[in-house]
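Inside the fold
Now for the letters of each chain:
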Amino acid sequence: MTTKIGAHVEQTDPVAEAIARETTLVQFFLGDPQGYKGPEIRFEGGAAALRAAAEEAGVDLYVHAPYIVNVATTNNRIRIPSRKLLQQHMDAAAEIGAKGLIVHGGHVNKDDDPTVGFDNWRKAIEATDLKIPLLIENTAGGDNAMARHLDRIARVWDAISSADGSEDVGFCLDTCHAWAGGIELGDAVEKVRAITGRIDLVHANDSRDDFDSGADRHANFGQGHLPADEFAGVVREAGAPVICETPGGAAEHRADFAWLREHL
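Description of the structure in this document. Quick caveat, the model's predicted, so the values are computed rather than measured. (Residues numbered from 1 in each chain as written. Predicted model: local features only at pLDDT ≥ 70, side-chain atom pairs only at ≥ 80, totals over all residues. Heavy atoms only, no water.)

Structural notes on unusual backbone geometry
- Backbone geometry at Glu22 places phi at a positive 55°, although glycine is not the residue there.
- Overall, the relative accessible area of 68% leaves Glu22 in the exposed class. (Buried < 20%, exposed > 50% of the residue type's maximum accessible area, 1.4 Å probe, protein only.)

Spelled out as structure tokens, the structure:
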């Protein structure tokens, strides 16, 4: 089985970006990744045109939710708009025919009981109309993060497993975040699968920083701190589509694809 490898691209014309990278798989934002304004389809002709263009070109689309979405927090002024934003992006991603919507695990405040954050995830799943798979991504930093450490990921999964719609919740494993977050890569896939039962997408990223640094800084393949064999091992064992979120444009991404294929 050939692993599908694509990249995170600029959102104006994701299909052209896929063709430039000689891939059939891209991820992008819909609108501002740091704003609450809601999704925006920048493709000429809107959602229907993007869906048709992707289908015609045989390109799979994935959408990354805004970074500011944090459905776990106890802060109502963040949690409530986050839920609204998540639903808006879910609707827009479904409209363009995306294969999944990726969202970060979020965090609670320093003095909060993390149990509240896990239960807020359950409530968010129940409150969201999941039209396509929602893929929760592990994150690199923060002692109060919901999805940095394996024990926290397990508690999120326990909480959401009782929610209506939980069968449409999947997992996105980010290699840089795992490394920077202190998850050993050697058995990461096995341990994540034991918790979630599934890995739906891999974010393949080298890391500019050291193991357990908590720093979310992606590097091009072979130019960071990830041991090449363990990095490739995660991709191989996960057996899921791969998105590279590495610096640069089409040429740099094609070089990363080639590096990864060589090591697989």
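After that view of the structure, there is still more to cover.
Quick look at the sheet that holds strand E2 (residues 25-28)
- Strands sit in the order E1-E2-E3-E4-E5-E6-E7-E10 around a closed barrel of 8 strands; the barrel is parallel. Strand-to-strand twist of the sheet, defined as the mean angle between neighbouring strand axes without regard to direction, takes the value 30°.
- Summarising the sheet, strand E5 (residues 134-137) and strand E6 (residues 169-174) pair through 4 bridges and their orientation is parallel. Paired with Leu135 across the bridge in E6 is Gly170.
- In the packing of helix H5 (residues 150-160) onto the sheet, the strands contacted are E5 and E6, and the crossing angle to E6 comes to about 170°. (Pairing = 2+ DSSP bridges. Helix = DSSP H or I, 4+ residues; strand = E, 2+ residues; numbered from the N terminus. Axes fitted to C-alpha atoms, helices over the stretch in contact; angles between N-to-C directions. Contact = heavy atoms within 4.5 Å.)

Describing the pattern of salt bridges
- Counted under the stated rule, the structure contains 12 salt bridges.
- Across the pair Arg122 and Glu126 runs a salt bridge, and its minimum N-O distance is 3.3 Å. With a gap of 4 residues between them, Arg122 and Glu126 both fall in helix H4 (residues 114-127), about one helical turn apart.
- Assessed through its relative accessible area of 39%, Glu126 is described here as partly exposed.
- In this structure, the salt-bridge partner of Asp212 is Arg148, at a minimum N-O distance of 2.9 Å. Note that Asp212 is positioned in the loop between strand E8 (206-207) and strand E9 (218-219) and Arg148 in the loop between E5 and H5, a separation of 64 residues in sequence.
- Of the residues examined, Asp212 reaches a relative accessible area of 41% and is grouped as partly exposed.
- A relative accessible area of 7% means that Arg148 is categorised as buried. (Salt bridge = Lys/Arg side-chain N within 4 Å of Asp/Glu carboxyl O.)

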